Each structure stands twice: as C-alpha cells, then as structure tokens.
Amino acid sequence: MQKKNLDWEHLGFGYTPTDYRWQAEFEDGAWVREGLVTDPQLHLTEAACVFHYSQSCFEGLKAYTTKDGHIVTFRPDMNAERMINTCRRLEMPEYPKEKFVNAVIETVRANAAWVPPFGTGASLYIRPVMIGSGPQIGVAPAPSYTFRIFVMPVGSYFKGGIKPLKLRVSDYDRAAPHGTGHIKAGLNYAMSLYPTMEAHREGFAENLYLDPATRTYVEETGGANVIFVDKDNNLIVPKSDSILPSITRRSLIYVGEHYLGLKVIERRVALEEIRDFKEAALCGTAAVLAPVGEIHTKAGVIALPSGMEKIGEISAKLRETLTGIQACEIEAPEGWIRKIC
Ligand SMILES: *Cc1c(COP(=O)(O)O)cnc(C)c1O
C-alpha cells in the first residue's frame, strides 16, 4: 500500500477529507444502507432535527502505526459503549457495539494510506458522529438518523516539546447537576464556545469549570478531564456525575495503579485544595496527558510546584507509560489494543 504524500511531521489538527467514510442510516426501527461511501457531503432536509433541536453526538479516538508496522486502535469498545450511553440520553438509536467496532476497523483499513507512519508523532483521528437527520418541527426526537465515521491524519498535539498549560477558572458553567455533562453531545460544546474563545483572548489555554451548584469543586475543562498528584504522590481524580467519562483518564488510572504502583483516590476535589498539590494535568485522546502549570482563580494564581517549564515527574511517567502501551512498546492490558492490519 502506497502512503499518501503528506508532510507527516508538520500536520495540524484539522479536517482533511480522506478516501472513505462509513455511513449507516436508521429508518423504521432498523439500521440500513450500511457501508463505506466516498462522498464527504451529507444531503439533509432543512427540517432535520439536528439543526433545530441539536440532536447530535460524537466520539473521538485514534489509530496509529506501531514500531513493527501494524495499524492499531486503542479501546474502540469503550467509545462504542460511551456513544450508546449518549444516544440513550438524547433519545437517539444505539449503534450496536459490534457494529461500531467493525465500522471503525473497516474505515481505518480503507484509509490505510492516510495513517501516519511510525515515529512522526502523527496519528489518524477517527470521528464517529450521529445526527437526527429526519424532518422534525414539533419538539420531539427525529424520525430518522445518520451515523458516520470519518478519519483524518492529525499532527502531534505538542510541537517542539511538552509545555505546561495555563488555565483559568471559568465564570461560566459547563454542565448542570443531573444535566448532560456525562455524555458526549454536541450541545455541551455549543455553549462552551463563547467561554473558550474568551479564555483564549485572555491568554489561557482552557477554562477549568467548577460544579455549578456550589462552585466549590473542580469538574473538568471544555474538552478534557483533569487529574492531580498530591504531595504523597497519590493520583487524585475528581469525581462528579457531570464529568465526561474520559477513556484516557480511566486508562491513566489503571496505568497509575497497575504499572506505576500509585495509590489512586477518586473523590470530590475542592478548588482550594489544588494549592497543596504537586502536579495537575489534562487528559483526553488529543494530547493523552497535558501538564498544567498555573490555574488563575478569583482568589489569585495557583502555581503548581512543577512550574511552567516542564512536565511533573509523575505526570511524565503516566504519559510515557500510556503512550508506550498505545505504541505497543509496553505490554498492554488484555483487550486495549485492537489490531487493524
Ligand atoms: C471527549 C471528552 C473528553 C476526553 O475523553 P477521551 O475519551 O479521553 O478522549 C473529556 N472531556 C470532554 C468534555 C469530552 O468531550
């Protein structure tokens, strides 16, 4: 297979249409017309539910080339399960787990020429998405749905080394108690765009959101979970029903416990406690783990002892171990690596 002629080392994180995408449509209670298609466009009615009532959800995962030249993906079954949970909450039809994993594999295999070679730091980003595509004007779920998986090569999140991020505590809220914070719905992003752009304009990488009920406890950022290391080298993981269950975060917890021998404590974490912590980091598919150096709050700046120059020691170990597992350089727990070809 001839790889595409791309400048793999300098790819950004953006949309590039590739050769094939997976499509399935849900009509009259069944998934129909399932398979690979070449047209990147969707043809939709102006009355599609997604345009009016935001019936949409998505997932994100990656495929990459390992040292020995295989193409693999990481825990696609977890994305399948999370999308099912999301669909239930949005009155959308579930795309079954086996179908989802198969569709990921078929789509990546068909676009193998677009999977960045080993050692470039780049990967193939996989974006499953579902929308209510049928016409709906009265407020109700759509009568029909479109599911797609498309892929694109993306560059390494950190160009020129891993630099700690500066966050601010947001005056806006991300997710209400008993709301939709725990599902991967487009609606959670629509309302975060304004606070995110405002944070960028003020020189911050991201907003750190607090629990809206008491504005005391840490939730997460707009698109990544947050974890901490305390003075005793315990991994402290914020717990809340409105945090999106990040697959990276759940994998890092396992790596911390079983590979690094860390004690992992999942509990509510008050903003003020961060002053006593050693390290903070964001986690998600895009960056795996991104260190946080400063958090700006109403009551002043919290400067993590690991500083703004380099990643903290425990964060570095967590990151190296998980990326090593993903690249098949460190033995993975059973079922984490799905070989595609
Ligand atoms: C997708 C997402 C994450 C990260 O989840 P991963 O499965 O690790 O990629 C974190 N927070 C939010 C709000 C997200 O949408």
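Residues numbered from 1 in each chain as written. Predicted model: local features only at pLDDT ≥ 70, side-chain atom pairs only at ≥ 80, totals over all residues. Heavy atoms only, no water.

Time to look at the site of the ligand. Within the structure, the ligand sits among 15 residues, and Lys184, Tyr189, Ser246, Thr248 and Thr285 are positioned closest to it. Within the side chain of arginine 82, one N or O atom sits 2.8 Å away from an oxygen atom of the ligand. Contact between the ligand and glutamate 220: a nitrogen atom at 2.7 Å from a side-chain N or O atom of the residue. Burial of the ligand by the surrounding chains reaches 96%, relative to a free accessible area of 380 Å². Of the residues that constitute the shell around the ligand, the class distribution is 4 nonpolar, 7 polar and 4 charged. (Near = heavy atom within 4 Å. Polar contact = N/O pair within 3.5 Å; in protein donor to acceptor, adjacent residues only side chain to side chain. Areas by Shrake-Rupley, 256 points an atom, 1.4 Å probe, with all protein chains shown as cover. Nonpolar A, V, L, I, M, F, W, Y, C, P; charged D, E, K, R; others polar.)

Burial within strand E1 (residues 21-27) is extensive, with 6 of its 7 residues counted as buried. As paired elements, E1 and strand E2 (residues 30-37) share 6 bridges and run antiparallel to each other. Residue phenylalanine 26 lies in a different strand from E2, and its bridge partner there is tryptophan 31. In this structure, the hairpin formed by E1 and E2 is closed by a connection of 2 residues, where aspartate 28 is found at a positive phi of approximately 50°. Direction of pairing for E1 relative to strand E7 (residues 145-154): antiparallel, over a ladder of 5 bridges. Across the sheet, tryptophan 22 pairs through a bridge with isoleucine 149, a residue of E7. (Buried < 20%, exposed > 50% of the residue type's maximum accessible area, 1.4 Å probe, protein only. Helix = DSSP H or I, 4+ residues; strand = E, 2+ residues; numbered from the N terminus. Pairing = 2+ DSSP bridges.)

This next bit is on the pattern of salt bridges. In total, this model carries 17 salt bridges according to the counting rule given. Between glutamate 81 and lysine 97 there is a salt bridge whose closest N-O contact spans 2.5 Å. Here glutamate 81 is found in helix H2 (residues 76-89), whereas its partner lysine 97 is found in helix H3 (residues 97-110), with 16 residues between them in sequence. Two residues, aspartate 171 and lysine 298, come together in a salt bridge whose shortest N-O distance is 2.6 Å. Of this pair, aspartate 171 sits in the loop between strand E8 (165-169) and helix H4 (187-190) while lysine 298 sits in the loop between strand E14 (288-297) and strand E15 (300-303), and the two are 127 residues apart along the sequence. By the burial criterion, aspartate 171 is exposed, and lysine 298 matches it. (Salt bridge = Lys/Arg side-chain N within 4 Å of Asp/Glu carboxyl O.)

Mapped onto the elements of the fold, threonine 107 is located in helix H3. Excluding its chain neighbours within four sequence positions, the residues that come into contact with threonine 107 are Tyr20, Arg21, Trp22, Leu36, Ile149 and Val151. (Contact = heavy atoms within 4.5 Å.)

You can see aspartate 7 is positioned in the segment before E1. A relative accessible area of 46% means that aspartate 7 is categorised as partly exposed. When the C-alpha positions of aspartate 7 and isoleucine 330 are compared, they lie 28 Å apart, and in sequence the two are 323 residues distant. Within the structure, the side chain of aspartate 7 is placed 3.0 Å from the side chain of histidine 10, a separation counted as a polar contact.

Moving on, we get to the environment of glutamine 136. Looking at the secondary structure, you find glutamine 136 in the loop between strand E6 (123-132) and E7. The class of glutamine 136 is buried, set by a relative accessible area of 16%. For the pair glutamine 136 and proline 195, spaced 59 residues apart in sequence, the C-alpha to C-alpha distance is 30 Å. Polar contacts involving the side chain of glutamine 136 include one to the main-chain carbonyl oxygen of glycine 138, which spans 3.0 Å.

Attention shifts here to the domain arrangement of the protein chain. By domain assignment, the protein chain separates into domain 1 (8-154) and domain 2 (165-326). With both chains or domains summed, domain 1 and domain 2 bury close to 1,600 Å², and 65% of this area falls on carbon and sulfur atoms. Together, Phe58, Phe74 and Arg82 form the three largest contributors to the area buried by domain 1 at its contact with domain 2, with a combined 37%. At the surface where domain 1 touches domain 2, the tally comes to 0 salt bridges. Taken together, the connections running from domain 1 to domain 2 amount to 8 residue pairs in polar contact (both at pLDDT 80 or more). For the side of domain 1 that touches domain 2, the elements supplying multiple residues, two or more each, are strand E3 (56-58), strand E4 (61-65), strand E5 (71-74) and H2. Broken down by element, the residue count for the side of domain 1 that touches domain 2 peaks at 6 residues, all from H2. Considering only residue class, the side of domain 1 that touches domain 2 consists of 9 nonpolar, 6 polar and 5 charged. (Domains from an automatic or database assignment. Buried area = accessible area lost by both parts, 1.4 Å probe.)

Here we take up the nonpolar core. Tyr95, Val108, Ile126, Met130 and Phe147 are the most contacted members of the largest nonpolar core, which totals 35 residues. Residue assignment for this core shows that the elements contributing at least two residues are E1, E4, H2, H3, E6 and E7. With near-sequence residues (within four places) excluded, valine 108 lies in contact with Ala63, Ile71, Val115, Leu124, Ile126 and Ile340. (Core = buried A, V, L, I, M, F, W, Y, C linked by side-chain atoms within 4.5 Å.)

Another aspect to go through is the packing of aromatic side chains. Counted according to the given criterion, the structure contains 14 aromatic pairs. An angle of 65° between the planes, with centres 5.4 Å apart, marks the rings of phenylalanine 58 and tyrosine 189 as edge-to-face. Pair noted here: phenylalanine 58 is in strand E3 and tyrosine 189 is in helix H4, with a separation of 131 residues, a long-range link. Classification of tyrosine 189 by relative accessible area gives partly exposed; the value is 28%. Taking the centre distance of 4.9 Å and the plane angle of 80° together, the rings of tyrosine 157 and phenylalanine 158 count as edge-to-face. A residue is classified by how much of its surface remains accessible, and tyrosine 157, at 46% relative accessible area, is partly exposed. An aromatic cluster of three or more residues is present, and its members are Phe26, Trp31, Tyr95, Phe100, Tyr145 and Phe147. The ring of phenylalanine 204 carries the charged tip of lysine 166 above its face, separated from the ring centre by 5.4 Å. (Phe/Tyr/Trp six-rings, centres within 6.5 Å; stacked < 30°, edge-to-face > 60°. Lys NZ or Arg CZ within 6 Å of the ring centre and 35° of its normal.)

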